[in-house]
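# Observations on chain architecture
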Amino acid sequence: MRWEGNRQSDNVEDRRGEGGGMGLPGLGGLGGRGLSLGTVAVALVAGWIFGINPLALLGLASDPRGATSTAQQGPAPAPPPEDRQAAFVSTVLADTEDVWRMLFERSGGVYAPPRLVLFRGGVRTACGQGQAAMGPFYCPADRKVYIDLGFYDTLQQQLGAPGDFAQAYVIAHEVAHHVQHLLGVTDRVDQRRGRTSQAQANALSVRMELQADCLAGVWAHHAQAARQILEQGDVEEALNAASRIGDDALQRRSQGEVVPESFTHGTSAQRVAWFRRGLEGGDVQGCDTFQARQL
């Protein structure tokens, strides 16, 4: 991926020196509030596969007994200029800002970019206490993307998805959740989740995640058209990452069997297909997974 020398975003907070490995709020010994170990494991795996705030899956994000009331206080420094991995993240974030600003302006809107927080171990957010084990996540309450850069080691070494464009896909997917929040999709889905069964709520989550995959592809389409960021093999890296993080692939890996009604992100084939749709078409309207009869 061609990224060096491109603009870096100023919307990056480096909170890696603050620590904060406090554990999930309200969980106690993984049994508080009646949560089973299996439920916690599902939420953490969901975080690994780039879902929106995993705390929401545990019912903590909106529960005053579980959620941390506010995000961090005070300004955070920018990453040091010699930190190559942070520079990469800042550059990809800047590219998403450029693409989504352009697309929002085309439709008569104004894009308010998210901030991205680098942390290590644990981090306090407006959605509750986050941990590195959750993987990257987006908190709509403070409009921030959170990532422990150690996740990229997990992505490469444990999930078998190496490559810088695979890493860029992770960021683009989380930014896509921010776009969904700005467009009102997040609130509508949350309202519907509250009135449905668990199986139906899971199905809504799948559609939301596949839409974020598609929107990540839309970013890549327009970034390539404007700046020719892709090198040979980059698309294959992203498609491989999407395949490796399908619900079916992760369930086979972790438990040896697949339980479709528990899917929250979609199968490997679905994630690949929707990312490819956005990448090839570059059309936000083509990412309407909620109206699609077949995913």
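Everything below is about the structure shown above.
Residues numbered from 1 in each chain as written. Predicted model: local features only at pLDDT ≥ 70, side-chain atom pairs only at ≥ 80, totals over all residues. Heavy atoms only, no water.

## What about the packing of helix α3 (residues 84–106) against helix α7 (residues 198–227)?
One way to put it is that α3 packs onto α7 with a least axis distance of 9 Å and a crossing angle of 95°. With respect to α7, the axis of α3 lies roughly perpendicular. On α7, the residues that touch Val92, Asp95, Thr96, Asp98, Val99, Trp100, Met102, Leu103 and Arg106 of α3 are Leu215, Val218, Trp219, His222, Ala223 and Arg227. Per-class residue counts for the contact of α3 with α7 are 9 nonpolar, 2 polar and 4 charged. (Axes fitted to C-alpha atoms, helices over the stretch in contact; angles between N-to-C directions. Helix = DSSP H or I, 4+ residues; strand = E, 2+ residues; numbered from the N terminus. Parallel < 35°, antiparallel > 145°, perpendicular 65-115°, else oblique. Contact = heavy atoms within 4.5 Å. Nonpolar A, V, L, I, M, F, W, Y, C, P; charged D, E, K, R; others polar.)

## Let's talk about the pattern of salt bridges
Within this structure, the stated rule accounts for 15 salt bridges. Between Arg15 and Glu13 there is a salt bridge, with its nearest N and O atoms 3.0 Å apart. A salt bridge links Glu280 to Arg276; the nearest nitrogen and oxygen atoms lie 3.6 Å apart. Highlighted residues: Glu280 and Arg276, both in helix α10 (residues 268–281), separated by 4 residues, approximately one helical turn. Taking the relative accessible area as the measure of exposure, Arg276 reaches 35% and is therefore partly exposed. (Salt bridge = Lys/Arg side-chain N within 4 Å of Asp/Glu carboxyl O. Buried < 20%, exposed > 50% of the residue type's maximum accessible area, 1.4 Å probe, protein only.)

## Focus: the sheet that holds strand β1 (residues 12–14)
With mixed pairing, 4 strands are arranged side by side in an open sheet as β1-β2-β6-β5. The open sheet is flanked by β1 and β5 (137–139), the only strands paired with a single partner. Each strand axis lies, on average, 25° off the axis of its neighbour in the sheet, ignoring direction. Both β5 and strand β6 (residues 144–147) contribute to a ladder of 3 bridges, which runs antiparallel. Bridge pairing in β6 places Tyr138 opposite Val145. Packed on one face of the sheet, α3 meets β1 and β2 (115–118) and runs near 165° to β2. Most of the contacts of helix α5 (residues 164–182) go to β5, to which it runs at about 25°, and overall it touches β2, β5 and β6. (Pairing = 2+ DSSP bridges.)

## Let's talk about the state of the cysteines
Within this structure, the stated rule accounts for 2 disulfides. Here Cys127 pairs with Cys139 through a disulfide, and the sulfurs are 2.0 Å apart. Its S-S torsion of about 90° marks the bond between Cys127 and Cys139 as right-handed, since a negative value means left-handed. A residue pair is termed long-range when its members are at least 10 positions apart, and Cys127 in the loop between β3 (122–125) and β4 (128–131) and Cys139 in strand β5 qualify at 12 residues. Given a relative accessible area of 0%, Cys139 falls into the buried group. Each disulfide pairs two cysteine sulfurs, and for Cys214 the partner residue is Cys287, the sulfurs being separated by 2.1 Å. Measuring handedness by torsion sign, the sulfur bridge of Cys214 and Cys287 sits at about -70° and is left-handed. In this pair, Cys214 is assigned in helix α7 and Cys287 in the segment after α10, connecting sequence segments 73 residues apart. You can call Cys214 buried: its relative accessible area is 0%. Ordinal numbering of bonded cysteines along the protein chain defines a disulfide pattern of 1-2, 3-4. (Disulfide = S-S within 2.5 Å.)

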